[in-house]
Amino acid sequence: MKVGVEYDGEDHAEAAQRSRDAEQLATLAAMGIRMHVITKGQFSDQLSLHRALNGVARDLRVRLEPNAAFQHAQNDLRQQLIRTWKST
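Presented here is a report on the structure given in the accompanying data block. (Residues numbered from 1 in each chain as written. Predicted model: local features only at pLDDT ≥ 70, side-chain atom pairs only at ≥ 80, totals over all residues. Heavy atoms only, no water.)

## A few points about the overall build of the protein
Inclusion rule: Going along the chain from the N terminus, every DSSP run of H or I of four or more residues is numbered as a helix, and every run of E of two or more is numbered as a strand. Residue burial is assigned from relative accessible area. The probe radius is 1.4 Å, only protein chains are included, and a residue is buried under 20% of its type maximum, exposed over 50%, and partly exposed in between. In this description, contact between two residues means that some pair of their heavy atoms is separated by no more than 4.5 Å. All accessible areas in this document rest on Shrake-Rupley with a 1.4 Å probe, and a residue is counted as covered only by the protein chains that are shown. Counted as positive: Lys and Arg. Counted as negative: Asp and Glu. His and the chain ends are not counted at all. Note that the charge is assigned to NZ on lysines, CZ on arginines, CG on aspartates and CD on glutamates.
Broken down by element type, the protein carries four helices and two strands. Put simply, the protein runs from its N terminus to its C terminus through helices and strands in the order β-α-β-α-α-α. Counting only C-alpha atoms, the protein reaches 40 × 35 × 20 Å along its principal axes. Taking all 88 residues of the protein together, 25% fall into the buried category. Considering only contacts within the protein whose residues lie at least 6 apart along the sequence, 63% involve residues at least 24 apart. Summing over all exposed atoms, the protein offers an accessible surface of approximately 6400 Å²; the carbon and sulfur share of this is 54%. The averaged location of the 11 negative side-chain charges in the protein is 6 Å from the averaged location of its 12 positive side-chain charges.

## Details of the pairing of strand 2 (residues 33-39)
Convention followed: Strand pairing follows a simple DSSP-based rule, namely that at least 2 bridges must link the two strands. The handedness of a crossover follows from its direction of travel: if, with the strands pointing away from the viewer, the path from the first strand over the helix to the second runs clockwise, the crossover is right-handed.
Sheet topology places strand 1 (residues 2-8) next to strand 2; seven bridges connect them, and they run parallel. Within strand 2, the residue paired with G4 across the bridge is M35. With respect to chirality, the unit in which strand 1 leads through helix 1 (residues 15-30) into the neighbouring parallel strand 2 is right-handed.

## Quick word on the environment of V37
With respect to the element layout, V37 can be found in strand 2. Along the chain, V37 and V56 lie 19 residues apart, while their C-alpha atoms are 9.8 Å from each other.

## Quick word on a nonpolar patch on the surface
Note the following rule: Note on patches: the residues involved have over 30% relative accessible area and no salt bridge, like charges join within 9 Å, and the nonpolar side chains Val, Leu, Ile, Met, Phe, Trp and Tyr join within 5 Å. Salt bridge, as applied in this entry: a Lys or Arg side-chain nitrogen positioned within 4 Å of an Asp or Glu carboxyl oxygen.
On the surface, Y7, L77, L81 and W85 cluster together to form a nonpolar patch covering roughly 370 Å² of accessible area. Per-element accounting of the nonpolar patch gives the leading share, three residues, to helix 4 (residues 68-87). Inspection of the secondary structure puts W85 in helix 4.

## Quick word on the pattern of salt bridges
Pairing is possible between side chains of opposite charge, provided their charged atoms come close. Scanning the model with the defined rule gives one salt bridge in all. Between R34 and D59 there is a salt bridge, and its shortest N-O distance comes to 2.7 Å. On the criterion of sequence distance, the pair formed by R34 in strand 2 and D59 in helix 3 (residues 46-60) is long-range, its members being 25 residues apart. Residue class for D59 comes out buried when judged on its relative accessible area of 16%.

## Side note on unusual backbone geometry
Positioned with a positive phi, R61 is a non-glycine residue whose angle comes to about 60°. Mapped onto the elements of the fold, R61 is located in the loop between helix 3 and helix 4.

Function cannot be read off these values alone, since they describe shape.
Quick look at the structure:
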């Protein structure tokens, strides 16, 4: 299975962009690519992002270790990315 991940930020809220996004997702699905769309809301919340990334890992058949150290590292990465985005 081919898997892709897309981040939908604020630009994706506009009606014209939502229409383009829907067409793009339909085209990728027809090509056999399973897309996971992660929203700003999911990215902002540690548990929501964790659940979304678990779905990606499941489709990629990647086994994740459900331990506290992994979850802390994942959240540290999320927070670092948020800080980087805010500074640009």
